[in-house]
Amino acid sequence: MIESLLPCSVNELKGRTALVTGAAQGIGLAIAQRLGAAGANLVLVDVAGHELQQVATHLRERGGSVIAKVMDIADRPSAEALRAELVEASSGIDILINNAAIGPERNHPAYLVAKPKFWSTPDALWIDMLRINVFGAQLLSSLFAPDMVGRGWGRIINVSTSLDTMYRQGIGPYGPCKAALEASSRIMFQDLESTGVTVNVLLPGGPVNSRMVPADCGITPQDLIQPEQLAGPVLWLCSNKANGITGRRFIARQWDERLAIEDRLAKATAPIAWPQLGAQSHFPTPAANS
Ligand SMILES: NC(=O)c1ccc[n+]([C@@H]2O[C@H](COP(=O)([O-])OP(=O)(O)OC[C@H]3O[C@@H](n4cnc5c(N)ncnc54)[C@H](O)[C@@H]3O)[C@@H](O)[C@H]2O)c1
């Protein structure tokens, strides 16, 4: 109990390798900084090459071990090449933070105020969001999970959003894509149960002070959740204290490190997705030989 109340020590993640997508800015950057400070070797991925190189240089100057990869997370050849490179250099990765996404500001810069109608979303944006925000996490998880299973230890954390954002008017395909990621995360967690590899979902619990919530949206930055707030639950989830904690959605805004871990988990977590709604369906048991 006392140990679980302590913050992660400086070298808590020494020897672990963490891949963080969308690490060039915002939430991904805050998570990468915190994992690096806890001793993890970092593999940082983003399409924003200039910003990513700046982040990598900064973290290396502070003593971190950093590989920076400019790539699209949903591009299979790039993802396979990255895995091959990492497996050859070491044993692959232990921690996968599926954070990269494109946001509703792509649909309309003032989406929270203008609330564009669903018929105004260009087809290309729908397809891009499905590809990046849903398939990107699926692709990387399916490439790296088997290595983690082989080692009997691993972490997959998928960055999602609040339930009400999933169907908020004006959000375009962003909300429905996060709902798909959430459902997919529940399948991942079930498929990886008892392997030592945990799958959890992380969400801020409100809009965050990042590029995804432009000033046009009408909310002042100080009223927003700061990206650093998401790093606390990530660090705890990546430590050995969270062995066996899987299938949960973590709401960062409610993660209160002053509480004992049992109370913290009770306050800030729930099962991934909407299992209580599924209990309403009638699903006959299929015959084993069919
Ligand atoms: N900002 C919010 O209010 C908010 C709320 C809930 C959830 N989230 C989620 O948090 C995560 C991080 O968002 P953020 O607010 O830091 O946004 P952000 O726009 O600041 O960062 C997203 C990063 O992902 C990168 N990216 C986009 N497409 C990519 C691709 N195909 N391949 C590789 N990298 C790519 C971008 O270049 C960017 O650096 C996202 O999953 C987002 O949906 C954000």
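Here's what I pulled together on the structure shown here. Everything quoted here is computed from the prediction, not taken from an experiment.

**Side note on the pairing of strand S3 (residues 66–70)**
So, step 1. Inspection of the sheet shows strand S2 (residues 41–46) paired to S3 by 5 bridges, in the parallel sense. Looking across to S3, one finds that leucine 42 is bridged to valine 66.
So, step 2. The parallel pair S2 and S3, bridged by helix H3 (residues 49–61), forms a crossover whose chirality is right-handed.

**Quick notes on the site of the ligand**
So, step 1. With respect to spatial proximity, 27 residues lie near the ligand, and among them Gln25, Asp46, Asn99, Tyr174 and Ser210 are the closest.
So, step 2. For the ligand, an oxygen atom lies 3.0 Å from a polar atom in the side chain of arginine 211.
So, step 3. Notes on the ligand: free accessible area 820 Å², of which the protein chains cover 96%.
So, step 4. For the shell around the ligand, the secondary-structure elements that each account for two or more residues are helix H2 (26–37) and helix H8 (174–191).
So, step 5. For the shell around the ligand, the class distribution of residues is 16 nonpolar, 7 polar and 4 charged.

**What about the nonpolar core?**
So, step 1. With 41 residues, the main nonpolar core has Leu35, Leu44 and Ile97 as its most contacted residues.
So, step 2. Broken down by element, the residue count for this core peaks at 5 residues, all from helix H9 (residues 231–238).
So, step 3. Formed by 39 residues, the second largest nonpolar core is a distinct cluster that contains Met71, Leu86, Met148 and Cys177.

**Comments concerning the pairing of strand S4 (residues 95–98)**
So, step 1. Residue alternation in S4 divides its side chains into two sets, Ile95 and Ile97 and Leu96 and Asn98, and both sets are buried.
So, step 2. Of the pairings in the sheet, the one linking strand S1 (residues 17–21) to S4 comprises 3 bridges and is parallel in character. Among the inter-strand pairings, valine 20 is bridged to a residue of S4, identified as isoleucine 97.
So, step 3. One ladder, built from 4 bridges, connects S4 with strand S5 (residues 154–159); its direction is parallel. From the neighbouring strand, leucine 96 faces S5, where its bridge partner is isoleucine 156.

**Side note on the pattern of salt bridges**
So, step 1. By the definition in use, this model includes 9 salt bridges.
So, step 2. The salt bridge involving glutamate 12 is made with lysine 241; its shortest N-O contact spans 3.6 Å. Placement of glutamate 12 in the loop between helix H1 (2–5) and S1 and of lysine 241 in the loop between H9 and strand S7 (248–251) is noted, with a sequence separation of 229 residues between them.
So, step 3. What makes glutamate 12 partly exposed here is its relative accessible area of 24%.
So, step 4. Sharing partners across several salt bridges, the network here consists of Asp256, Arg258 and Lys267.

So, how was this worked out
- Residues numbered from 1 in each chain as written.
- Predicted model: local features only at pLDDT ≥ 70, side-chain atom pairs only at ≥ 80, totals over all residues.
- Heavy atoms only, no water.
- Pairing = 2+ DSSP bridges.
- Helix = DSSP H or I, 4+ residues; strand = E, 2+ residues; numbered from the N terminus.
- Right-handed = clockwise from strand over helix to strand, strands pointing away.
- Near = heavy atom within 4 Å.
- Polar contact = N/O pair within 3.5 Å; in protein donor to acceptor, adjacent residues only side chain to side chain.
- Areas by Shrake-Rupley, 256 points an atom, 1.4 Å probe, with all protein chains shown as cover.
- Nonpolar A, V, L, I, M, F, W, Y, C, P; charged D, E, K, R; others polar.
- Core = buried A, V, L, I, M, F, W, Y, C linked by side-chain atoms within 4.5 Å.
- Buried < 20%, exposed > 50% of the residue type's maximum accessible area, 1.4 Å probe, protein only.
- Salt bridge = Lys/Arg side-chain N within 4 Å of Asp/Glu carboxyl O.

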